[in-house]
Each structure stands twice: as C-alpha cells, then as structure tokens.
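Observations on chain architecture
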Amino acid sequence: MKRRILIIRPSSIGDIVMASLVPRALKEGLDSPEIHWLVEPGLSPLLEANPFVDELILWDKSKWIRLTKHLKLLSLLNEVREFRSHMHDKNYDLALDLQGLFRSRILAYLSGSRERIGFASKEPGGILMTRLISKGPDSTRMSSEYLYLMKEMNIEVKDPAPSLFIAKEIASRAKRLLQRKGVEGPFLTFAPFTTRPQKHWIIDRWHGLALKLYREFGLPSIILGGPEDKEMAERIMGNDHSVMTHLCGQATIMESAAVISMSEVLIGVDTGLTHMGTALKRPTVALFGATCPYLDTPLETTRVIYHRRPCSPCKRRPTCEDFPCMGDITENEIVKELKKIL
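Report on the accompanying structure.

Analysis parameters
In this convention, every chain numbers its residues from 1, walking through the sequence in written order. Restriction of local features to residues with pLDDT of at least 70 applies here, the model being predicted, together with a cutoff of 80 or more for giving and counting side-chain atom pairs; totals for whole chains, interfaces and linings are based on all residues. Neither water nor hydrogens contribute to the side-chain values; these are computed over all heavy atoms in the structure. Counting from the N terminus, the helices are the DSSP runs of H or I reaching at least four residues and the strands are the DSSP runs of E reaching at least two. Our radius of gyration is a C-alpha quantity, and the globule rule it is checked against amounts to 2.2 Å times the number of residues to the power 0.38. Categorising residues by exposure relies on relative accessible area from a 1.4 Å probe, with only protein chains included: less than 20% of the type maximum marks a residue as buried, more than 50% marks it as exposed, and the intermediate range marks it as partly exposed. Computed with a 1.4 Å probe, the accessible areas rest on the Shrake-Rupley method; for each residue, only the protein chains presented here act as cover. His is not counted, nor are the chain ends; Lys and Arg add positive charge and Asp and Glu add negative charge. By convention, charge coordinates are those of NZ in Lys, CZ in Arg, CG in Asp, or CD in Glu. Note on pairing: two strands pair once DSSP finds at least 2 bridges between them. Helix axes use the C-alpha atoms of the stretch in contact, all axes being lines fitted to C-alpha atoms, and the angles between their N-to-C directions lie in the range 0 to 180 degrees. Any pair of residues with heavy atoms lying within 4.5 Å of one another is described as a contacting pair. Nine residue types can take part in a nonpolar core, namely buried Ala, Val, Leu, Ile, Met, Phe, Trp, Tyr and Cys, and a core is a set of them joined through side-chain atoms within 4.5 Å. Centres within 6.5 Å are what make two rings of Phe, Tyr or Trp a pair, Trp counting through its six-membered ring; a difference in plane orientation under 30 degrees is then read as stacked, over 60 as edge-to-face, and the rest as tilted. For this analysis, a salt bridge means a side-chain nitrogen from Lys or Arg found within 4 Å of a carboxyl oxygen belonging to Asp or Glu.

This part covers the overall build of the protein chain. A count of helices and strands for the protein chain gives 13 helices and 12 strands. Relative to a compact globule of 342 residues, whose C-alpha radius of gyration would be 20 Å, the protein chain shows 21 Å and is just as compact. In terms of overall dimensions, the protein chain has C-alpha extents of about 60 × 45 × 45 Å along its principal axes. In the protein chain, which comprises 342 residues, the share counted as buried stands at 51%. In the form shown here, the protein chain has an accessible surface area of approximately 16,300 Å², with 49% of it arising from carbon and sulfur atoms. With 48 positive and 41 negative side-chain charges, the protein chain shows a spacing of 2 Å between the two charge centroids.

Here it is, written out as structure tokens:
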C-alpha cells in the first residue's frame, strides 16, 4: 500500500505557489506516495490540475472563525469532530505542516497522522508535532524554507522551481476573455496590487512604464488583479486604452494564471500573481522593497529589482509612509532588466 501524505498549506496564493515544489519532490523522492493537500476552498483551483497532488482536502477556515466569533461553540465542536473523523478515515502516514502556525499544527494533529513534521516557530502547539524543523539559515533563495525542509527529510529536489498547472478549459476561457478585450497579438502583464501598501510600487509610474514598453517592444500591457483593484487599475490606464487594458475582477485566479502563461513577460510587486510568473516559466521582473526578496531564483528569466535601505526589510511594520525603498525603483531600470531577458 502506498504511503499517504497530507500537505497542510491552506493559504495564501503566493505561499501555495512557492510550496508547489514539495509534492513533486515527495513523489520523486519517496517512491510515488499518495499526496493530499489541505487548502481553503477559494484557493483550491491553484492545485486542481497539479498532477503531483492526488486529492484536495478543503478546509473552510472562514466558517470555523465565524462560529468562534459568534460563540457558537457547540457548532464549532461538531465541525471539528466531523473534520477529525474525515481525516482519520484517510489513514495518513505523514502530515507536513508547511505553515508553522498554531492552527496548522492543530490541523496536523486532527489529521490523525502517525508522523507530523512542521516548521519550528514562536507559535504555540509545538507539542502537537512529532518533529519540528527550522526554516533554515537566512536565505534569499526562492522557496528556501521548503527546499531546506526537503533537505532535512533527506529528499532530493531535482527541480527547485515552483510549478503551476492550468487545465485546458481554463486556458480556453482566458483566450476568449482576451479576445473580448481586443487582445489578439503578443502582450505583457502587470501585477501591481497586493494587500499591503508598503509592497506597492509608485502607482502613477505604471502608466509611464506601459508607454515606455509599448514604444520599446510594441507590446500592450494587461493589468491583473481582483475586483477591489478595478478603480486603481483604471487610474493607471487613464485614457490609453489602446496601450493598456485590465482584467481586474473579470478573471478568476486561474484565468489570470492562464493570461500570465500566454504573456511575453510579467512585471509585478511581491504578490502571488508575480510568483506565478516563475512557476509558469515566463520571463518575470519582480519589484521588492519592504519585504525580503528572493534574489536567488531558479530561472535566469526571473529578475528581481531590490534597493536595500537601512530599514529594509520592514515587512509588516513600516517606519515610513512614502516607502522610498519602492520609490528607488525607476521605469528605466525595469526596461533595462527586461532587455536582458526578452
């Protein structure tokens, strides 16, 4: 009987993409075990076409939080019991907590797995694990903590790059969406938006960059993002609809991924869509400032622009309001990097 392994990495887009090298490494290094991945329902499309993941375990975190918030503890207890029973029926041999949070350790424990390995952290619940492994020495290598985990488990990683797989029907939907937007030929994509303002590049520079790239390479730009980014995308575009268009709120996560896979190059800030560029083997220029950059990338076509300052990286606790670390990045610098990889 095949060994059955549960990967616990419920969110977010970027973290799931970064961790996507793990199931391939496990398949190749442990005689093709059966791999399950626990993920939040809204992010399951990221893994549905992955040939190295045999089954997705959907965990509705929002429901558990909602029941806790409204003190519906009996209902929450029933949810936990049902989840535990379902997990125990799977008879896992190993649970890998790739998050290192208290809640992910609880999920590993509830899985009933005989062996539970996860990242060491300041979070409580370490006693729930059978083995804790550090994230390794400080490293600027892309997906460094997952590569270190595999090394500590004596699993050789033949391909250190993250990977993302797109179903044919999703690719077809993305093509039709582009056609409706009047995009027929080559194009490039922008990923300007993320949840933290300190990770944003100067918004008004995206428009100037699009014009430069159109003059230099003849490529129009497509802005990607969620529904909440629509207003800002339209501000970036201005009246240059022949040079720029946006799909914010119009494309699903995987349709956006399919658009990236068809683009000539992707330029973005530290966000999940940008990390998809490397996973999809597309030329990518990533703009970093407030967060730790991965300067060592698995592909020559993934370039990182980062100007370190004494306060870098500030991560979630910025000490300024104008984020000069991002302001230091110029349009000409991005064009220069593009010329190296296009």
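Having seen it, we continue.
Turning to the sheet that holds strand β5 (residues 115-119), a few remarks are in order. Strand order across the open sheet formed by 6 strands is β3-β2-β1-β4-β5-β6, with parallel pairing between neighbours. Only two strands of the sheet have a single neighbouring strand rather than two, namely β3 (55-58) and β6 (131-133). Looking at each pair of strands side by side, their axes are set apart by 20° on average, direction ignored. Sitting on the sheet, helix α2 (residues 21-29) is in contact with β1 (4-8), β2 (34-39) and β4 (94-97), with an inclination near 160° to β2.

The subject of this paragraph is helix α5 (residues 102-110). In an α-helix, one turn spans 3.6 residues, which is why side chains three or four residues apart end up on the same side. If you check which residues of α5 are buried, you get Ser 104, Arg 105, Leu 107, Ala 108 and Leu 110. Phi turns positive, to about 80°, at Gly 112, one or two residues after α5.

Here we come to the side chain of Arg 24. Its location among the elements puts Arg 24 in helix α2. Beyond its immediate sequence surroundings of up to four residues, Arg 24 is in contact with Phe 52, Asp 159, Ser 163 and Phe 165.

Time to look at the nonpolar core. Core analysis: the largest hydrophobic core is formed by 58 residues, its most contacted members being Val 22, Leu 26, Leu 96, Leu 98, Met 150, Met 153 and Met 276. By residue number, the principal contributor to this core is helix α10 (residues 253-262), which donates 5 residues. Beyond its immediate sequence surroundings of up to four residues, Met 153 is in contact with Leu 94, Leu 96, Ile 117 and Ile 133. Counting 30 residues, the second largest nonpolar core, distinct from the first, contains Trp 206, Leu 219, Met 244 and Cys 325.

Overall, the coordinates contain 7 aromatic pairs when judged by the stated rule. Relative to Trp 64, the ring of Trp 59 has its centre 5.6 Å away and its plane inclined at 90°; by these criteria the two rings are edge-to-face. On the basis of relative accessibility, which here comes to 4%, the residue Trp 59 falls in the buried class. On the basis of relative accessible area, Trp 64 is assigned to the buried category, the value being 13%. Note on Phe 288 and Tyr 294: the rings are 5.1 Å apart at their centroids and 75° apart in plane angle, and the pair reads as edge-to-face. As far as burial versus exposure is concerned, Phe 288 and Tyr 294 are alike and both buried. Grouped by ring-pair contacts, the aromatic residues Trp 59, Trp 64 and Phe 83 constitute a single cluster.

What follows concerns helix α6 (residues 144-152). Looking at α6, one finds that the buried residues are Ser 144, Tyr 146, Leu 147, Leu 149 and Met 150. Looking at the buried side of α6, the elements it contacts are α1 (13-18), α2, β4, β5 and β6. Of the residues flanking the end of α6, it is Asn 154, one or two places downstream, whose phi is positive at about 60°.

For the rest of this paragraph, the subject is the sheet that holds strand β9 (residues 244-246). Strand pairing in a sheet relies on backbone hydrogen bonds. The paired strands run either parallel or antiparallel. The strand order β9-β8-β7-β10-β11-β12 describes an open sheet built from 6 strands, whose pairing is parallel. Each of the sheet's edge strands pairs with one partner strand only, and the pair in question is β9 and β12 (302-306). When strand polarity is set aside, the average angle formed by the axes of neighbouring strands in this sheet is 20°. Pairing geometry for strand β7 (residues 188-191) and strand β8 (residues 221-223), over 3 bridges, is parallel. Following the sheet pairing, Thr 189 is matched in β8 by Ile 222. Its contacts with the sheet put helix α9 (residues 230-237) on β8 and β9, and the angle it makes with β9 is roughly 175°.

In this structure the tally under the stated criterion is 13 salt bridges. Here Glu 40 and Lys 61 are joined by a salt bridge, their closest N and O atoms 3.3 Å apart. With Glu 40 in the loop between β2 and β3 and Lys 61 in helix α3 (residues 61-69), the pair connects residues that are 21 residues apart, well separated along the chain. Here Glu 40 matches Lys 61 in class, with each residue buried. Between Glu 337 and Lys 340 there is a salt bridge, with its nearest N and O atoms 3.2 Å apart. Here Lys 340 and Glu 337 lie together in helix α13 (residues 331-341), a separation of 3 residues that amounts to about one turn. Owing to a relative accessible area of 13%, Glu 337 belongs among the buried residues under this scheme. A relative accessible area of 48% places Lys 340 in the partly exposed class. Connected through salt bridges with shared partners, the residues Arg 303, Glu 337 and Lys 340 form a single ionic network.

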